[in-house]
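Survey of secondary and tertiary structure
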Amino acid sequence: MSMIFGVPVAVLSGQLLLGLINGAFYALLSLGLAVIFGLLKIINFAHGAFYMLGALCTVVLFDSLGVNYWVALILAPLLVGIFGIFIEYFLLRKIANADHIYSLLLTFGLALVIQGVFTNIYGVSGLRYAIPDVFKGGVNLGFMFLPYYRAWVILAALVICFGTWFMIEKTKLGSYLRAGTENSQLMQAFGINVPLLVSLTYGFGVMLAAFAGVLAAPIYSVTPVMGGNILIIVFAVVVIGGMGSIIGAVITGLAMGIIEGLTKVFYPEASSTVIFLVMVLVLLVRPAGLFGKEA
Amino acid sequence: MKLIKKILTTAVTSAMLAGSAQAAISDNEVRIGYLADMSGTYRDLAGPNGLTALEMAVEDFGGQVNGAAIKIVSADDRNSPDVASSTVRQWVEADGVDMVAGLVASSVSIAATRILEQSDKLGIVSGSAASSITNEHCTPNHIHYVYDTYPLANGTAQAVVQEGGDSWFILTADYAFGHALEGDVEKVVTDNGGTVMQKVRHPFPTGDFSSFILQAQSSGAKVVALANAGSDTTNAITTAGEFGLTQSGQTLAALLLFLTDVHALGVDAAQGIQLTTGWYWDMDEDARAWSDRFIEKTGVRPTMVHAGIYSSTMHYLNAVKESATDDTQTVRQQMMDTPINDMFAKGGVIREDGRMVHDMYLAQVKTPAESTNEWDLYNIVRTIPAEEAYRPLSESQCKLVNN
């Protein structure tokens, strides 16, 4: 068997594919953060909590009402998105004109409250959610066993990422969004309801997080703390990609998944820190991130 | 005259005795502090329900000992040795706490017992795994009650090797507890004629185990052992199921698994896994009876840690009652002199290093067909006798043991 640095090529290919799957999660989550920061200048530290709510919602909807996976895939992000709009309307709007640090502190506090409340209700051992029947099992690719569900995750994440990028960069609605956040007074003079646009954008970002949560529910242990663990990594991804850059968030998300996967083969102990190492290096060379615009 | 003298002497003597009896229990109150992870990773296996177990013990004891009231205080250690140290210091120096119960994360226990040693108060460690707590970190001021990494390795690893699982892949959480467990397991595997083919250390905590499971699959080892705990273990088991690890002929061995973990995984995902436990709620009549009371109060079945907290608190209060004092060394000696026979342990004994040795059990998670309800999770496969389960005193590095 041919080897690369003492690791069989087959094993390495498997790890690359897995890295891509994890990267799809990072991309989806950092995309939401990038949309919210890029358009609203809110540093959304509650993003992990919304991701957790998406997963939790999926489990609870199934346990209490028997709602299946496909319905949950739409319903859970919708419910969490509406909750996000409430948060924007009643809390974030009050500090819209204050320094960014206030939105960071507010959303961070909010995340702690949400996490604390659900820890009290559900504990931390984790809830189980079965993989939908249609995705049970997997296929032997020769170099690895690929569960069907993981293949679905990567497909779903890529479609959503591309769709979001297309909507913001290429459609009329997207141009309103970008213009509305660039110069809201001018847009209001044109008769566009900018506050509504802001609420909807925040809600959409939150929906993206919750959507990632639904995708995660069958493969990770669903606990109230699951969002906190992933959030820091996702923030690093956003910083590497360039705060607010949508294409940067997606590409960096996928790339970091792969780098992390390779680290797990060559030096597993460093796999949780390698992304931060990359972040330091990138910031030294390009302070605005790989795809960010210099201020 | 003689009679008056006799009456006076008797009166004075009994007054003095009464006075000394009162003084024997400091402040005329026995104060117990419950310190545990109330909100983090170890919340479900100890946490608030451990406090309920403690309260049940105090209630069953009658709420007072030799006329002195029993008072409970509690705090969240947030799995931080710093928080634990300052809380315990406050408790023993300012609040007059006599005994600290709970104590889950090993780092927290080691920090807390150091403070207890300085102020000569008692600690009963119920949740921690590290066997070093009664080895190099032993003190004359604490007792390690429920289990430790030594029988975990001894029980599960030995059973698996003897069943023919002679080549091992060990996946280890990269911190003190994982390293200790990995070392203990490797010794047991090689002593029993097996080989450890590969060891991989993963960061603590890890969310996604797919890469590690893939490595385990390609290693070709017969046994994939998990030297980790809590959500790391449950995540690894779920991922192993998803990637068809056991279907492809490998055996999964979880070295530390609590009832709450198995409950969270469900029998579908966890069926067939072997594990070592210090106690199981359905293992005999006494255990069942106590667990029925516990589930009525908490809504969940107790883990071995919950049961251990109840049992050790009872044992402590009995010792205070018997010795008529809350003086640490007198009570500890009394606890060592009295064997433990209750719903938790039969014939349990506290050794001079502070280790409570009792029978341990090798259990196997039931299949969905065998399990009759959500908490009907284990078959007890074998009893591991106390003397076989724990590190023998002859190998001890504890300063209290004369080797």
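Residues numbered from 1 in each chain as written. Chains lettered and ligands numbered in written order. Predicted model: local features only at pLDDT ≥ 70, side-chain atom pairs only at ≥ 80, totals over all residues. Heavy atoms only, no water.

- Chain B is annotated in an unreviewed UniProt entry as ABC transporter substrate-binding protein from Nitrincola iocasae.
- UniProt's Sequence similarities (unreviewed entry) comment on chain B is quoted here verbatim: "Belongs to the leucine-binding protein family." (UniProt positions renumbered as here; feature names shortened; annotations may be inferred.)

- In the annotation of an unreviewed UniProt entry, the entry for chain A reads Branched-chain amino acid ABC transporter permease, and the organism field reads Nitrincola iocasae.
- Listed in UniProt under the heading Sequence similarities (unreviewed entry), the comment for chain A reads: "Belongs to the binding-protein-dependent transport system permease family. LivHM subfamily."
- Per UniProt, chain A carries the Subcellular location (unreviewed entry) text "Cell inner membrane".

**Some details on the overall build of chain A**
- A tally of helices and strands in chain A yields eleven helices and four strands.
- Overall, the C-alpha framework of chain A stretches about 70 × 50 × 35 Å when taken along its three principal axes.
- For chain A, with 295 residues in total, the buried portion stands at 52%.
- Taking the contacts inside chain A whose residues are at least 6 apart along the sequence as the reference set, 77% of them involve residues at least 24 apart.
- When the accessible area of chain A is evaluated, it comes to approximately 13,100 Å², of which 72% is carbon and sulfur surface.
- Here chain A holds 12 positive side-chain charges and 9 negative ones, and the gap between their average locations is 6 Å. (Helix = DSSP H or I, 4+ residues; strand = E, 2+ residues; numbered from the N terminus. Buried < 20%, exposed > 50% of the residue type's maximum accessible area, 1.4 Å probe, protein only. Contact = heavy atoms within 4.5 Å. Areas by Shrake-Rupley, 256 points an atom, 1.4 Å probe, with all protein chains shown as cover. Lys, Arg positive; Asp, Glu negative; His and termini not counted. Charge placed at Lys NZ, Arg CZ, Asp CG, Glu CD.)

**Points about the side chain of Thr276 of chain B**
Residues and elements named next belong to chain B.
- Along the polypeptide, Thr276 turns up in strand β11 (residues 274-277).
- Accessibility expressed as a relative area gives 0% for Thr276, which makes it buried.
- In this structure the side chain of Thr276 is engaged in a polar contact, spanning 2.5 Å, whose partner is the side chain of Thr156.
- The residues touching Thr276, leaving out its near neighbours within four places in the chain, are Pro151, Leu152, Gly155, Thr156, Met360, Tyr361, Leu362 and Ile384. (Polar contact = N/O pair within 3.5 Å; in protein donor to acceptor, adjacent residues only side chain to side chain.)

**Brief notes about the nonpolar core**
- Formed by 221 residues in total, the largest nonpolar core has its most connected members in Leu215 of chain A together with Ile32, Tyr147 and Tyr316 of chain B.
- Each of domain 1 (28-147 + 284-350) and domain 2 (150-277 + 360-382) of chain B contributes no fewer than three residues to this core.
- Residues contacting Leu215 of chain A, with those up to four places away along its chain left out, are Phe25, Leu28, Tyr69, Leu73, Tyr149, Trp152, Val153 and Ala156 of chain A. (Core = buried A, V, L, I, M, F, W, Y, C linked by side-chain atoms within 4.5 Å. Domains from an automatic or database assignment.)

**As for the pattern of salt bridges**
- Per the counting criterion, the structure on display carries 22 salt bridges over all chains.
- Glu88 of chain A is paired through a salt bridge with Arg93 of chain A; the nearest N and O atoms lie 3.1 Å apart.
- Given the relative accessible area of 30%, Arg93 of chain A is considered partly exposed.
- The shortest N-O distance in the salt bridge between Glu186 of chain B and Lys199 of chain B comes to 3.1 Å. Pair noted here: Glu186 of chain B is in helix α6 (residues 176-191) and Lys199 of chain B is in strand β8 (residues 195-202), with a separation of 13 residues, a long-range link.
- Overall, Glu186 of chain B belongs to the partly exposed group, its relative accessible area being 26%.
- Assessed through its relative accessible area of 39%, Lys199 of chain B is described here as partly exposed.
- What emerges from the salt-bridge pattern is a single network uniting Arg150 of chain A together with Asp208 and Glu242 of chain B. (Salt bridge = Lys/Arg side-chain N within 4 Å of Asp/Glu carboxyl O.)

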